[in-house]
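What the coordinates show
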Amino acid sequence: MAKRFDVVVIGGGPGGYPAAIRAAQLGKTVGLVERGELGGVCLNWGCIPSKAVIHAAELRKEAEHAASFGIGAGQMPVDVNKLRAWKEGILKKLRGGIASLLKANGVELMRGSARFTGPKALEVSGADGKKETVELGHAIVATGARAIELPFLPRSNPRVWTSEELMELKELPKRLICVGGGVIGMETACSFSKLGCEVTVVELMPALLPGTDPDLVKPVAQGLHKAGVKVLLETKATGLVEKGDHALLVVETKQGKQELPCDRVLVSIGFRPNVEGIGLEAAGVKVEKGFIPVDNRCRTNVEHIYAIGDVTGPPYLAHRATKQGLVAAEVIAGGPALMDVLAMPLGVFSDPEVATVGLMEKEAREAGHEVSVGAFPLAALGRAMAQEATAGVIKVIGDKKTGQLLGVGIASARANDLIGEAALALEMGAMVEDLALTVHPHPTFTEGLMEAAEDALGHAIHIARPKRNKGALEKQTDALLLKK
């Protein structure tokens, strides 16, 4: 006999499980289908384990440099087995927490793979081979995305990793090459170099973190250079050749072909939505350019079927997926919810961290704004000096005519914690002056946001700058204390 639910959610990641819980809270009978571990890529192979590794790497770096504080320290060994066990303990607790929340809210968890057999029916295939028919009133597709592979660097090759193999933490390779200088590439290069690996980054584009404000990327690039990470820009990986106990990554550069010795290669060039094998055709759901298009209520072209998270295309962000999941559940329950987020923060947990929200300087100009730009270097911030974390800058972008806050970019320690204030300010329609007039606690990193806002208004207290008549930051940064 078929099971029947008001709402069936396919996928238990950071979008799916909040959607299921919220729908249940709103009085719906809910079933959640998950074929793997609860929490999806984010919890198991992405956001959470990578931050655990980053934290461990930062501790090692701080311990090794503690002599500058008068504390004796030397090179710290890394026990990868203990590090992996600690990471796995965190994941186990979080997965257990999700399972408990689902149960507490009356959501039925079905283990297996789901496939639409029609617009209002699913077949769930368990790992034991048993199949179950499920009838539904509404469906929420939250199947996520997977790492893109390169044909000549398949993950079937034991030397080749995606983020999944990387975060299994079975070993720390002596020589690691990151193919791709985007978010995962930068986070990996920064953290694994601190753990003692020799790291090389190979990036096809002319800059790291393509599409990110160059003023925010600059301190990250400087940090990589200082850490001994080799960066090859405008370089294309073309093959991998075995060479005894190691391998050679073949790359094409402007200077010609090179062969880079390595033990492992991380392919981090992006993600592809998981739209295959779930019966979208049988349900009548359209797929365009490899993802499921949705409206501002997260509805697909089929009125009772919704899609959220990575399966709907970029940006691939866990917090975006969660927000979409809540919107979808509330719309299904008859609420007036909309996915009308003005301020979607983006973050990179590099060293220093990079976080942005709203329009950056170039984007604001291209949108037709006459901009005012404020910038405050971390080198002039007391709290940053006290923590030996002076690399980076905080930028505030405003509309020169109206004073409206347009965006904030931060490259600093804990940038991804700081960006929340800026996101709230943008959502509330704040003016640049509002940030400047708000009293920030001293001594903190958040003061840098206030100082950058004051600089945009032309009266920063803690940096000396000649009177300027241009908004472009290129003319300003040389006066900052960023160049080492």
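On a predicted model such as this, the values are computed, not experimentally measured, just so you know. (Residues numbered from 1 in each chain as written. Predicted model: local features only at pLDDT ≥ 70, side-chain atom pairs only at ≥ 80, totals over all residues. Heavy atoms only, no water.)

A word on the sheet that holds strand S12 (residues 236–243). Read from one edge to the other, the open sheet built from three strands follows the order S12-S13-S14, with strand pairing classed as antiparallel. Taken across any chain shown, the strands that pair with only one partner, and hence form the sheet edges, are S12 and strand S14 (256–262). Within the sheet, the average angular offset between the axes of one strand and its neighbour, ignoring direction, is 25°. Bridge count between strand S13 (residues 246–253) and S14: seven bridges; the pairing is antiparallel. By the bridge assignment, leucine 249 is partnered in S14 with leucine 260. (Pairing = 2+ DSSP bridges. Helix = DSSP H or I, 4+ residues; strand = E, 2+ residues; numbered from the N terminus. Axes fitted to C-alpha atoms, helices over the stretch in contact; angles between N-to-C directions.)

Before going further, it helps to examine the sheet that holds strand S19 (residues 353–358). An order of S18-S19-S22-S21-S20 is seen for the five strands of this open sheet, with the pairing classed as antiparallel. Looking along the sheet, the strands with just one partner apiece sit at the ends: strand S18 (346–348) and strand S20 (371–377). This sheet shows a mean twist of 10° between the axes of neighbouring strands, independent of strand direction.

Buried residues dominate helix H14 (residues 447–456), accounting for ten of its ten residues. Taken residue by residue, H14 has Glu447, Gly448, Leu449, Met450, Glu451, Ala452, Ala453, Glu454, Asp455 and Ala456 as its buried positions. At the C-terminal side of H14, glycine 458 shows a positive phi close to 90°. (Buried < 20%, exposed > 50% of the residue type's maximum accessible area, 1.4 Å probe, protein only.)

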